[in-house]
Amino acid sequence: MVTGGMRCVKYLLFAFNLLIVLAGLALVVVGALVQTKFNEYLSFFGGKANAAAIFLLVVGVIVFIIAFFGCCGAVKENYCMIVTFVTFLSIVLILEISAAIVAFVLRNKIATAVGKEMKKATVNYHNPSTKGVTKAWDHVQKQFKCCGANNFTDWRENRFLNGSDSVPYSCCNGTDTSEKCGLRQAKNPTNIYTKGCVNGFVDWIKRNIGFVGGIAAVVAVIEIIGIVIASCLANEIRRGYQAV
């Protein structure tokens, strides 16, 4: 039985575990938001965006489960449960830090990677076997008011459009947004957006990554404090066992 100041540490650990539960739920919610926000663009990136969302969801669920050991260990003053809590939470923290380092190192390669994938996707627009690509392109061009990956001339490489000088209807910037509004506009762009989509799309991705990174940083701080408090309580409980 812990006494004195350690009793306060015990209840503090219990309180922090409630925060860790909320942190786990936050990661699950953020993972779901990432999945929802990128859902329209998955055809550009395949399973890559899915992997990020799944990582957040899995880590959130694991953190939620780990918090159970921390709460029970604190209430029952169980040394084994608290050590289990510290060990697994430390592993999760290391994984989170590793993921953050990888994201930081690769941050400047986002534009190149996105541009490459979008450029490849232009040739499959209107391809009956890749309807998801068509939907993704129409969505991004309407949202960011752009046309093509680098610019509107990218569409000249698409063999599914009606004529080599045509662009998708989603490139049109006037009141006419019918399927035929993009006919011959790649040769004489009077009714379409001319800027490419890569820069706007990359900026949008970076803003969302910043949001996710901010949430992850708060969660990491909570986890570190929880690990420190739990370690102090575990040491005190062990000393109690040794005294007996």
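Since this is a predicted model, take the numbers as computed values, not measurements.

*Asks:* Quick one: what's the story with the side chain of D154, residue by residue and with numbers?
*Replies:* Inspection of the secondary structure puts D154 in the loop between α6 (131–144) and α7 (198–243). At 2.7 Å, the side chain of D154 and the side chain of K119 are in polar contact. Other than its neighbours up to four places away in sequence, D154 contacts K119, T122, G148 and A149.

*Asks:* Let's hear about the pattern of salt bridges: which residues, and what values?
*Replies:* Scanning all chains against the criterion turns up three salt bridges. Between E117 and K120 there is a salt bridge whose closest N-O contact spans 3.8 Å. Of this pair, E117 and K120 are both found in helix α5 (residues 110–122), three residues apart, which corresponds to roughly one turn of the helix. The shortest N-O distance in the salt bridge between E157 and K119 comes to 3.4 Å. Taken as a pair, E157 in the loop between α6 and α7 and K119 in helix α5 lie far apart in primary sequence, 38 residues in all. Among the residues examined, K119 registers a relative accessible area of 25% and is labelled partly exposed.

*Asks:* Explain the layout of surface pockets to me, and be specific about the residues and the numbers.
*Replies:* Taken as a whole, the largest pocket spans an internal volume of roughly 1500 Å³. Around the largest pocket, the lining is made up of 40 residues, and of these A52, A99, A103, I110 and I209 lie nearest the centre. Mapped onto the lining of the largest pocket, the elements with two or more residues apiece are α1 (5–38), α3 (48–76), α4 (79–105), α5 and α7. The greatest single-element share of the lining of the largest pocket, amounting to twelve residues, is contributed by α7.

*Asks:* Before we move on, could you go through the packing of aromatic side chains and cite the residues and values that matter?
*Replies:* Counted according to the given criterion, the structure contains six aromatic pairs. Ring geometry for Y125 and W155: centres 5.2 Å apart, planes at 65 degrees, overall edge-to-face. A residue pair is termed long-range when its members are at least 10 positions apart, and Y125 in the loop between α5 and α6 and W155 in the loop between α6 and α7 qualify at 30 residues. Relative accessible area serves as the criterion here: at 0%, W155 is assigned to the buried category. Taken together, a centroid distance of 5.0 Å and an interplanar angle of 70 degrees make the contact between W137 and W155 edge-to-face. With W137 in helix α6 and W155 in the loop between α6 and α7, this pair connects stretches of sequence that are 18 residues apart. For the pair formed by W137 and W155, the shared burial category is buried. These aromatic residues form a ring-pair network of at least three members: Y125, W137 and W155.

*Asks:* Residue-level account of the nonpolar core, with values.
*Replies:* Counting 62 residues, the largest nonpolar core has F85, M118, W137, W155 and F201 as the members making the most contacts within it. Those elements giving two or more residues to this core turn out to be α1, α3, α4, α5, α6 and α7. Looking at this core, the element that brings in the most residues is α7, giving 15 residues.

*Asks:* Tell me about α4, and please be specific about residues and values.
*Replies:* Compared with an ideal rise of 1.5 Å per residue, which puts 27 residues at 39 Å, α4 spans 39 Å between its outermost C-alpha atoms and is within 8% of the ideal. Residues of α4 that are buried: M81, I82, F85, V86, L89, V92, L93 and E96. Of the residues flanking the start of α4, the one acting as N-cap is N78, its side-chain oxygen 3.0 Å from the backbone nitrogen of C80.

*Asks:* Residue-level account of the state of the cysteines, with values.
*Replies:* Applying the stated criterion across every chain yields a total of three disulfides. Linked covalently through their sulfurs, C147 and C171 form a disulfide whose S-S length is 2.1 Å. Every disulfide takes its handedness from the sign of the S-S torsion; for C147 and C171 that torsion is 85 degrees, giving right-handed. In this pair, C147 sits in the loop between α6 and α7 while C171 sits in the loop between α6 and α7, placing the two residues 24 residues apart along the sequence. With respect to burial, C147 and C171 carry one shared label: buried. Here C172 connects covalently by a disulfide to C181, the sulfurs 2.0 Å from one another. What sets the handedness of the C172 and C181 disulfide is the S-S torsion sign, and at about 105 degrees it is right-handed. Across the pair, exposure class does not vary: C172 and C181 are buried alike. Look at the protein and number its bonded cysteines as they come in the sequence; the links are 1-6, 2-3, 4-5. Free of any disulfide, C71 has its nearest cysteine sulfur in C72, 6.8 Å distant.

Here is what the cut-offs are and how they apply
- Residues numbered from 1 in each chain as written.
- Predicted model: local features only at pLDDT ≥ 70, side-chain atom pairs only at ≥ 80, totals over all residues.
- Heavy atoms only, no water.
- Helix = DSSP H or I, 4+ residues; strand = E, 2+ residues; numbered from the N terminus.
- Polar contact = N/O pair within 3.5 Å; in protein donor to acceptor, adjacent residues only side chain to side chain.
- Contact = heavy atoms within 4.5 Å.
- Salt bridge = Lys/Arg side-chain N within 4 Å of Asp/Glu carboxyl O.
- Buried < 20%, exposed > 50% of the residue type's maximum accessible area, 1.4 Å probe, protein only.
- 1 Å grid on protein atoms, 1.4 Å probe; cavity = no way out; pocket = protein on both sides within 12 Å on 5 of 7 lines; lining within 4 Å.
- Points joined across faces, edges and corners; volume = space filled by probe spheres on them.
- Phe/Tyr/Trp six-rings, centres within 6.5 Å; stacked < 30°, edge-to-face > 60°.
- Core = buried A, V, L, I, M, F, W, Y, C linked by side-chain atoms within 4.5 Å.
- Expected span 1.5 Å × (residues − 1).
- Disulfide = S-S within 2.5 Å.

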